[in-house]
Every structure is written in C-alpha cells, then in structure tokens.
Amino acid sequence: MVRIRPLQPEDWPATWRIMEPVVRAGETLPFDPAMDAEGGHAVWVEAALQAFVAVAADGGVLGTYHIKPNGPTLAAHVCNCGYVVAATARRQGIGSLLFSHSQDQALALGFRAMQFNLVVSTNTAAVQAWQHNGMVVVGTLPGAFHHRRLGFVDAHVMYKILKSD
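Residues numbered from 1 in each chain as written. Predicted model: local features only at pLDDT ≥ 70, side-chain atom pairs only at ≥ 80, totals over all residues. Heavy atoms only, no water.

Enquirer: Where do I start with the overall build of the chain in this structure?
Expert: The secondary structure content of the chain amounts to four helices and seven strands. Counted from the first residue to the last, the chain has its helices and strands arranged as β-α-α-β-β-β-α-β-α-β-β. At 15 Å, the chain has a C-alpha radius of gyration in line with the 15 Å of a compact globule built from 165 residues. Along the first, second and third principal axes, the C-alpha set of the chain runs to 40 × 40 × 30 Å. Scored against the burial criterion, the 165 residues of the chain give a buried share of 41%. (Helix = DSSP H or I, 4+ residues; strand = E, 2+ residues; numbered from the N terminus. Rg over C-alpha atoms; globule rule 2.2 N^0.38 Å. Buried < 20%, exposed > 50% of the residue type's maximum accessible area, 1.4 Å probe, protein only.)

Quick look at the structure:
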C-alpha cells in the first residue's frame with residue numbers, strides 16, 4: 001500500500017537518495033548535475049509551496065513531488081509541479097499516483113490549472129504519463145533543454161485546466 005503525505009524533515013535524506021541519481025544524470029530535471037543535498041533541498045522543498053513523498057508500507061520513500069505557483073501575482077492561479085520516482089519503483093503507477101494527488105492538492109490550494117514548463121521530449125515515459133493523465137502539449141521549445149548525453153533537445157510545455165468558470 002502506497003501512502004502520499006507531506007514531506008517531513010526526516011524524509012529528506014531518503015528523498016535526496018532517489019533524486020540524486022536523476023539530478024546527476026542531467027536528462028530530465030533542469031538542475032545543476034553537481035548540486036548537493038543542500039542545494040536540492042533549497043530547490044525542491046524551500047522554493048516550493050508544498051512537497052510530498054510517496055511511501056511504501058515499510059516507510060521507504062518511493063517518489064516525491066513539489067507544487068508551487070507557476071508565476072507571480074496575476075499568474076499565481078496556475079501551479080507548476082515536479083516529480084521524481086525512485087528507479088526501483090518506476091513503471092508501477094507511482095508517477096500517476098503522485099500526479100493524481102498533486103491535482104487534488106492543486107485544487108485544494110485554489111489553483112485553476114497546471115502547467116509543466118519543461119517536459120524533456122526525450123523523456124517519453126513522462127510525456128506519455130502526463131498525457132494519459134490529461135495534460136496537453138501546448139507548445140514545443142526547440143533545443144530548450146541541455147541534455148547531458150544528447151546535447152540540446154526539445155522540451156514541451158504541458159497544460160491542464162483544473163477548474164473553469
């Protein structure tokens with residue numbers, strides 16, 4: 001049984017252990033591959049409105065997401081989220097569980113839409129998962145992501161309306 005709950009300070013070491021290889025790979029997240037745990041905490045937890053973890057029955061961290069406004073003031077009704085799933089927990093629906101939870105949280109926090117600014121086009125699992133969950137590619141940014149192995153690759157802007165008048 002997977003439970004999603006707010007990330008607690010004691011969760012950070014386990015959360016960083018699943019994030020660190022993703023950051024180091026430089027293939028999906030726009031963070032400095034040389035970033036340390038302190039820098040990771042600053043961008044993932046401190047800069048976010050909220051951060052959550054998916055935990056297994058034994059308490060092990062399987063994944064994480066954070067949520068924040070996509071822009072200031074007049075654009076603050078649109079949220080932005082980032083997600084990381086542990087390598088050992090991929091293709092088990094954890095990403096979709098995190099997405100569903102984040103969508104509920106977004107609505108509870110008063111957000112009207114979700115926008116993902118930089119979904120790396122070569123990350124086909126993420127693109128497909130987000131599309132399966134109702135996100136739409138509204139634009140493609142040529143060469144917007146500097147992939148550590150492939151060089152400059154396209155990135156998608158994805159969007160989903162959560163609440164309309």
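Enquirer: Explanation requested: helix H1 (residues 12-25) in the structure shown.
Expert: Owing to its 3.6 residues per turn, the α-helix brings residues three or four apart onto one side. Here H1 contains 14 residues, and its C-alpha end-to-end distance of 20 Å stays within 8% of the 20 Å for a straight helix at 1.5 Å per residue. At methionine 19, H1 shows its maximal kink, close to 35°; a proline, proline 21, follows between one and four residues later. Buried within H1 we find Trp12, Thr15, Trp16, Ile18, Met19, Val22 and Val23. Turning to H1, the residues buried within the fold contact helix H2 (37-46), strand S2 (50-55), strand S3 (61-69) and strand S4 (78-85). (Expected span 1.5 Å × (residues − 1). Bend = angle between axes of the 7 residues up to and from the residue. Contact = heavy atoms within 4.5 Å.)

Enquirer: Even after reading the chapter, I still don't get the side chain of histidine 66, so can you show me in this structure?
Expert: Here histidine 66 lies in strand S3. Within the structure, the side chain of histidine 66 is placed 2.9 Å from the backbone oxygen of tryptophan 44, a separation counted as a polar contact. With residues up to four places along the chain from it excluded, the contact list for histidine 66 reads Val43, Trp44, Ala48, Gln50, Ala51, Asn80, Cys81 and Gly82. (Polar contact = N/O pair within 3.5 Å; in protein donor to acceptor, adjacent residues only side chain to side chain.)

Enquirer: Could you clarify how one ought to interpret the pairing of strand S6 (residues 136-147) in this entry?
Expert: Note on strand geometry: in a regular strand, side chains alternate between the two faces of the sheet. Bridge analysis of S6 against strand S7 (residues 151-161) gives eight bridges, and the strand direction is antiparallel. Paired with leucine 141 across the bridge in S7 is alanine 155. Hairpin connection, S6 to S7: the antiparallel pair is bridged by three residues. (Pairing = 2+ DSSP bridges.)

Enquirer: Can you walk me through the pattern of salt bridges in this structure?
Expert: Under the criterion given, the structure shown has three salt bridges. Here arginine 5 makes a salt bridge to aspartate 11, at a shortest N to O gap of 2.6 Å. Of the residues examined, arginine 5 reaches a relative accessible area of 18% and is grouped as buried. Overall, aspartate 11 belongs to the buried group, its relative accessible area being 7%. Here glutamate 27 and arginine 149 are joined by a salt bridge, their closest N and O atoms 2.6 Å apart. Of this pair, glutamate 27 sits in the loop between H1 and H2 while arginine 149 is found in the loop between S6 and S7, placing the two residues 122 residues apart along the sequence. (Salt bridge = Lys/Arg side-chain N within 4 Å of Asp/Glu carboxyl O.)

Enquirer: Sorry, what's going on with the sheet that holds S7 here?
Expert: In a beta sheet, neighbouring strands pair by backbone hydrogen bonds and run either parallel or antiparallel. In space, the seven strands of this open sheet follow the order S1-S2-S3-S4-S5-S7-S6, with mixed pairing throughout. Edge positions in the sheet fall to strand S1 (3-6) and S6, since each has one partner strand and no second. For this sheet the average axis-to-axis angle between neighbouring strands, irrespective of direction, equals 25°. Relative to S7, strand S5 (residues 113-120) runs antiparallel, the two being bridged by six bridges. Counted as the bridge partner of phenylalanine 116 is methionine 158 from S7. (Axes fitted to C-alpha atoms, helices over the stretch in contact; angles between N-to-C directions.)

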